[in-house]
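A structural walkthrough
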Amino acid sequence: MAIMIEQQEKPKNWTLIIGVVVFVGIVFISAYYLFFKNPQVIENLTVSPVQKDVETLSQIKPDYVKLVDQLNKYYEKGQAQTIIEPQLGRQNPFLPI
């Protein structure tokens, strides 16, 4: 006759199992909230104020027609001045003084 020895089963740690389930649930709920329900929260956390300013400036559409008209009016009034370049040094630097 064979002798059968059965191992005694270890009791399950229900506290650990419930804790892991609660932790995984919190991770999934927070990921859903951040990425799907309210994604602008991530944008507010990751985008710097300087980057927001650049985005605002890049959306400005300048009116080039107004700018050219203002420049034409300025030059038509005769307010344009010629630039006089100063004479630096001698014309032929290799001539003796």
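Residues numbered from 1 in each chain as written. Predicted model: local features only at pLDDT ≥ 70, side-chain atom pairs only at ≥ 80, totals over all residues. Heavy atoms only, no water.

**Some words on the overall build of the protein**
- Looking only at helices and strands, one finds four helices and zero strands in the protein.
- In summary, the protein has a C-alpha radius of gyration of 39 Å against a globular reference of 13 Å for 97 residues, an excess of more than 25%.
- Viewed in the frame of its principal axes, the protein has a C-alpha envelope of about 125 × 50 × 20 Å.
- Expressed as a percentage of the 97 residues in the protein, the buried residues total 1%.
- Accessible surface computed for the protein: about 10,600 Å², of which carbon and sulfur atoms make up 64%.
- Once the 9 positive and 9 negative side-chain charges of the protein are each reduced to a mean point, those two points are 3 Å apart. (Helix = DSSP H or I, 4+ residues; strand = E, 2+ residues; numbered from the N terminus. Rg over C-alpha atoms; globule rule 2.2 N^0.38 Å. Buried < 20%, exposed > 50% of the residue type's maximum accessible area, 1.4 Å probe, protein only. Areas by Shrake-Rupley, 256 points an atom, 1.4 Å probe, with all protein chains shown as cover. Lys, Arg positive; Asp, Glu negative; His and termini not counted. Charge placed at Lys NZ, Arg CZ, Asp CG, Glu CD.)

**Remarks on a nonpolar patch on the surface**
- Taken together, the side chains of Trp14, Ile17, Ile18, Val21, Val22 and Ile26 define a hydrophobic patch exposed on the protein surface, amounting to about 610 Å² of accessible area.
- Its location among the elements puts tryptophan 14 in helix H1 (residues 14-37). (Patch = residues over 30% accessible without salt bridge, like charges linked within 9 Å, V, L, I, M, F, W, Y side chains within 5 Å. Salt bridge = Lys/Arg side-chain N within 4 Å of Asp/Glu carboxyl O.)

**Comments concerning the confidence of the model for the protein**
- Overall, the prediction assigns the protein a mean pLDDT of 83, with 93% of residues at 70 or greater.
- H1 holds the highest mean pLDDT among the elements of the protein, 92, whereas helix H2 (residues 40-46) holds the lowest, 77. (pLDDT = per-residue confidence, 0-100.)

**Overview of the packing of aromatic side chains**
- All told, the structure shown has one aromatic pair when counted by the stated rule.
- Both rings, one in tyrosine 32 and one in phenylalanine 36, keep their centres 6.1 Å apart while their planes meet at 35°; by these two values the pair is tilted. Taken as a pair, tyrosine 32 and phenylalanine 36 lie in helix H1 at a separation of four residues, close to a single helical turn. (Phe/Tyr/Trp six-rings, centres within 6.5 Å; stacked < 30°, edge-to-face > 60°.)

**Topic: the environment of glutamate 6**
- For glutamate 6, the position within the fold is in the segment before H1.
- For the pair glutamate 6 and lysine 37, spaced 31 residues apart in the sequence, the C-alpha separation amounts to 52 Å.

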